[in-house]
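For reference, the chains in residue letters:
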Amino acid sequence: MLESVEALLAEHAELEASLADPAVIGDPDRLREVNRRYAELTPVVAAQRELDLAVGDLEAARELAAEDAAFAAEIPALEESVAAGEDRLRRLLIPRDPDDDRDVILEIKAGEGGEESALFAGDLLRMYLRHAEKRGWSTRLLDATESDLGGYKDVRVAVGAKGSAEPGTAPWARLKYEGGVHRVQRVPVTESQGRIHTSAAGVWVMPDVGDVVEVEIDPNDLKIDVYRSSGPGGQSVNTTDSAVRITHLPTGVVVSCQNEKSQLQNKESAMRVLRARLHQMAMDEAAAEAKEARASQVRTVDRSERIRTYNFPENRISDHRTGFKANRLDAVLDGDLDAVVDSAVQADEEARLAALAGDGE
């Protein structure tokens with residue numbers, strides 16, 4: 001760990017010098033990259049400095065303890081400070097997800113349960129929109145298919161940070177743990193005898209890669225269809241062929257968008273989602289290969305996994321991956337998701353720490 005920290009401290013010092021370099025200042029792209037990396041490393045530098053101070057205080061107390069009992073009494077607390085500092089530094093040294101600074105595209109699809117599932121999908125959408133509002137993120141509805149009772153058969157929304165997000169606080173760093181099957185237990189509005197039903201909705205979270213060059217799409221691999229949009233949306237609905245459906249022939253991925261007023265806008269939104277899906281597929285394939293190569297690897301985010309249950313009669317939310325439970329479902333559905341997400345972040349960190357410890361054996 002010491003060698004790793006020293007290399008990062010040296011890199012941080014070089015980046016700090018670069019921020020005063022006129023050549024870097026005059027290159028917006030380079031300056032943006034230097035600032036991003038500098039922000040990533042700053043918490044590591046701060047943690048190392050705090051640890052150095054704690055170690056120094058502990059060593060001084062041990063030296064003086066033989067002469068003054070007051071210093072001996074401070075040793076246990078100082079040892080705890082050193083241990084806490086070492087743990088914080090270890091967590092900061094966990095290899096970061098390269099997409100953690102990205103925004104996300106979030107999809108919600110109704111599953112088993114018919115109309116009740118579509119209503120639950122609407123509840124989940126509101127939960128994420130309220131959560132984004134609480135965290136100061138922007139949201140934009142990309143596409144939606146509404147159900148007869150006001151829910152959603154499927155809905156797609158872009159969530160973005162405003163300005164540069166601190167490490168670990170960008171939408172992907174937080175919302176990537178939301179992918180999976182969400183189950184609800186409650187009395188549906190369509191139930192006349194008051195019986196509790198169980199239904200589910202699926203959530204898929206993808207990094208929004210925008211126009212990044214890593215996701216190359218050959219125009220010859222695309223089949224683009226236009227059609228007349230349907231549902232709510234204003235004068236353009238049912239009057240012009242503004243809706244767009246794009247099929248990526250090599251993978252079979254199909255993306256459609258109809259919420260924008262013009263065909264061009266819908267095509268741009270559809271391409272944005274397509275790039276995100278292809279990027280996510282590449283990530284999943286790489287993770288699957290790594291898992292096969294090393295059976296002990298733990299992957300916290302599994303989109304096929306039933307991750308959470310929302311129990312309305314008991315006002316309880318339960319995350320099946322982390323063991324998190326709380327009788328405050330109403331607050332969570334109103335966007336207060338931080339405690340739930342924090343439990344997933346902590347579980348992921350523990351898994352990564354365990355993997356690092358295994359590599360060091």
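Residues numbered from 1 in each chain as written. Predicted model: local features only at pLDDT ≥ 70, side-chain atom pairs only at ≥ 80, totals over all residues. Heavy atoms only, no water.

Peer 1: Give a description of the overall build of the chain that names residues and reports values.
Peer 2: When helices and strands are counted, the chain shows nine helices and 11 strands. Burial statistics for the chain: of 361 residues in total, 40% are counted as buried. Put simply, of all contacts in the chain between residues at least 6 apart along the chain, 62% involve residues at least 24 apart. Of the roughly 19,000 Å² of accessible surface on the chain, 50% is carried by carbon and sulfur atoms. (Helix = DSSP H or I, 4+ residues; strand = E, 2+ residues; numbered from the N terminus. Buried < 20%, exposed > 50% of the residue type's maximum accessible area, 1.4 Å probe, protein only. Contact = heavy atoms within 4.5 Å. Areas by Shrake-Rupley, 256 points an atom, 1.4 Å probe, with all protein chains shown as cover.)

Peer 1: Account for the sheet that holds strand 3 (residues 152–160), naming residues and giving values.
Peer 2: Ordered in space as 2-3-1-5-4-9-10-11, the eight strands form an open sheet in which the pairing is mixed. On the outer flanks of this sheet lie strand 2 (138–146) and strand 11 (325–326), each paired with one strand and no other. (Pairing = 2+ DSSP bridges.)

Peer 1: Hey, could you go over a negative patch on the surface for me, with residue numbers and the actual values?
Peer 2: Negative charge collects at one region of the surface, where Asp 57, Glu 67, Asp 68 and Glu 74 lie side by side. Inspection of the secondary structure assignment puts Asp 68 in the loop between helix 3 (28–65) and helix 4 (69–92). (Patch = residues over 30% accessible without salt bridge, like charges linked within 9 Å, V, L, I, M, F, W, Y side chains within 5 Å. Salt bridge = Lys/Arg side-chain N within 4 Å of Asp/Glu carboxyl O. Lys, Arg positive; Asp, Glu negative; His and termini not counted. Charge placed at Lys NZ, Arg CZ, Asp CG, Glu CD.)

Peer 1: Outline the sheet that holds strand 8 (residues 253–257), supporting the account with residue identities and numerical values.
Peer 2: If you walk across this open sheet you meet the three strands as 6-7-8, and the pairing is antiparallel. Every other strand in the sheet has two partners, leaving strand 6 (222–227) and strand 8 as the edge strands with one partner each. Adjacent strand axes in the sheet meet at a mean angle of 15 degrees, parallel and antiparallel pairs treated alike. Two elements, strand 7 (residues 243–248) and strand 8, share five bridges in a ladder whose sense is antiparallel. Considered in strand 8, the bridge of Arg 245 is made with Ser 256. (Axes fitted to C-alpha atoms, helices over the stretch in contact; angles between N-to-C directions.)

Peer 1: So what's going on with the side chain of Asp 100? Residues and values would help.
Peer 2: Here Asp 100 shows up in the loop between helix 4 and strand 1 (103–110). Note on Asp 100: relative accessible area 11%, which makes it buried. Side chain to side chain, Asp 100 and Lys 176 meet in a polar contact 2.9 Å long. Leave out the neighbours within four places in its chain, and Asp 100 touches Ala 170, Trp 172, Ala 173 and Lys 176. (Polar contact = N/O pair within 3.5 Å; in protein donor to acceptor, adjacent residues only side chain to side chain.)

Peer 1: Tell me what's going on with the pattern of salt bridges, and back it up with residues and numbers.
Peer 2: All chains considered together, the criterion is met by 34 salt bridges. Measuring nitrogen to oxygen at the nearest pair gives 2.8 Å for the salt bridge that ties Arg 277 to Glu 107. Note that Arg 277 is positioned in helix 7 (residues 263–293) and Glu 107 in strand 1, a separation of 170 residues in sequence. When sorted by exposure, Arg 277 lands in the same class as Glu 107, which is buried.

Peer 1: Kindly report on helix 3, identifying the contributing residues and their values.
Peer 2: An ideal rise of 1.5 Å per residue puts 56 Å on 38 residues; helix 3 measures up with 55 Å between its terminal C-alpha atoms. At Leu 41, helix 3 shows its strongest bend, of approximately 30 degrees, with the proline Pro 43 following within four residues. Within the span of helix 3, buried status applies to Val 34, Tyr 38, Glu 40, Leu 41, Val 44, Val 45, Ala 47, Gln 48, Leu 51, Ala 54, Leu 58 and Ala 61. (Expected span 1.5 Å × (residues − 1). Bend = angle between axes of the 7 residues up to and from the residue.)

Peer 1: Lay out the nonpolar core with the relevant residues and their values.
Peer 2: Grouped together as the largest cluster of nonpolar side chains are 35 residues, with contacts concentrated most on Ile 108, Leu 124, Tyr 128 and Tyr 310. If you list the elements that add at least two residues to this core, you get strand 1, helix 5 (115–134), strand 3, helix 6 (171–175), strand 5 (197–208), helix 8 (329–333) and helix 9 (338–360). Here this core gets seven residues from one element, more than from any other, and that element is helix 5. Contact partners of Ile 108, with chain neighbours within four places excluded, come to Ala 121, Leu 124, Leu 125, Tyr 128, Lys 153, Asp 154, Val 155, Gly 202 and Val 203. Listed in part, the 18 residues of the second largest apolar core include Val 44, Ala 54, Leu 78 and Leu 89. (Core = buried A, V, L, I, M, F, W, Y, C linked by side-chain atoms within 4.5 Å.)

Peer 1: Break down helix 4 for me, with residues and values.
Peer 2: Taking 1.5 Å as the rise per residue, helix 4 with 24 residues should run 34 Å; its terminal C-alpha atoms sit 36 Å apart, in good agreement. Of all the bends in helix 4, the greatest reaches close to 35 degrees and is centred on Ile 75; the proline Pro 76 follows between one and four positions later. Among all positions in helix 4, only Ile 75, Leu 78, Val 82, Gly 85 and Leu 89 are buried.

Peer 1: Which residues make up the packing of aromatic side chains, and what are the values?
Peer 2: Per the counting criterion, the structure on display carries one aromatic pair. The ring of Tyr 227 carries Arg 245 above its face, with NZ or CZ at 4.5 Å from the centroid. (Phe/Tyr/Trp six-rings, centres within 6.5 Å; stacked < 30°, edge-to-face > 60°. Lys NZ or Arg CZ within 6 Å of the ring centre and 35° of its normal.)

Peer 1: Tell me what's going on with the environment of Val 254, and back it up with residues and numbers.
Peer 2: Along the chain, Val 254 turns up in strand 8. Since its relative accessible area comes to 40%, Val 254 is described here as partly exposed. For the pair formed by Val 254 and Leu 274, sequence separation is 20 residues and the distance between their alpha carbons is 7.9 Å. Other than its neighbours up to four places away in sequence, Val 254 contacts Arg 245, Ile 246, Thr 247 and Arg 277.

Peer 1: With reference to specific residues and values, describe the packing of helix 3 against helix 4.
Peer 2: With their axes 8 Å apart at the nearest point, helix 3 and helix 4 run at an angle of 160 degrees to one another. By the criterion of interaxial angle, the relationship of helix 3 to helix 4 is roughly antiparallel. As helix 3 runs across helix 4, the sense of the crossing is left-handed. Classifying every residue of the contact of helix 3 with helix 4 gives 19 nonpolar, three polar and six charged. (Parallel < 35°, antiparallel > 145°, perpendicular 65-115°, else oblique. Left-handed = near helix turned anticlockwise from the far one by under 90°. Nonpolar A, V, L, I, M, F, W, Y, C, P; charged D, E, K, R; others polar.)

Peer 1: So what's going on with the confidence of the model for the chain? Which residues, and what values?
Peer 2: Scored by pLDDT, the chain comes out at a mean of 85, with 87% of its residues at no less than 70. When mean pLDDT is taken per element in the chain, helix 8 scores highest with 97 and helix 7 scores lowest with 78. A low-confidence stretch, residues 233–238 (pLDDT under 50), is modelled with 10 contacts involving residues beyond four sequence positions or located in other chains. Note that residues 292–304 has pLDDT below 50 and, in this model, 28 contacts with residues that lie over four places away or in other chains. (pLDDT = per-residue confidence, 0-100.)

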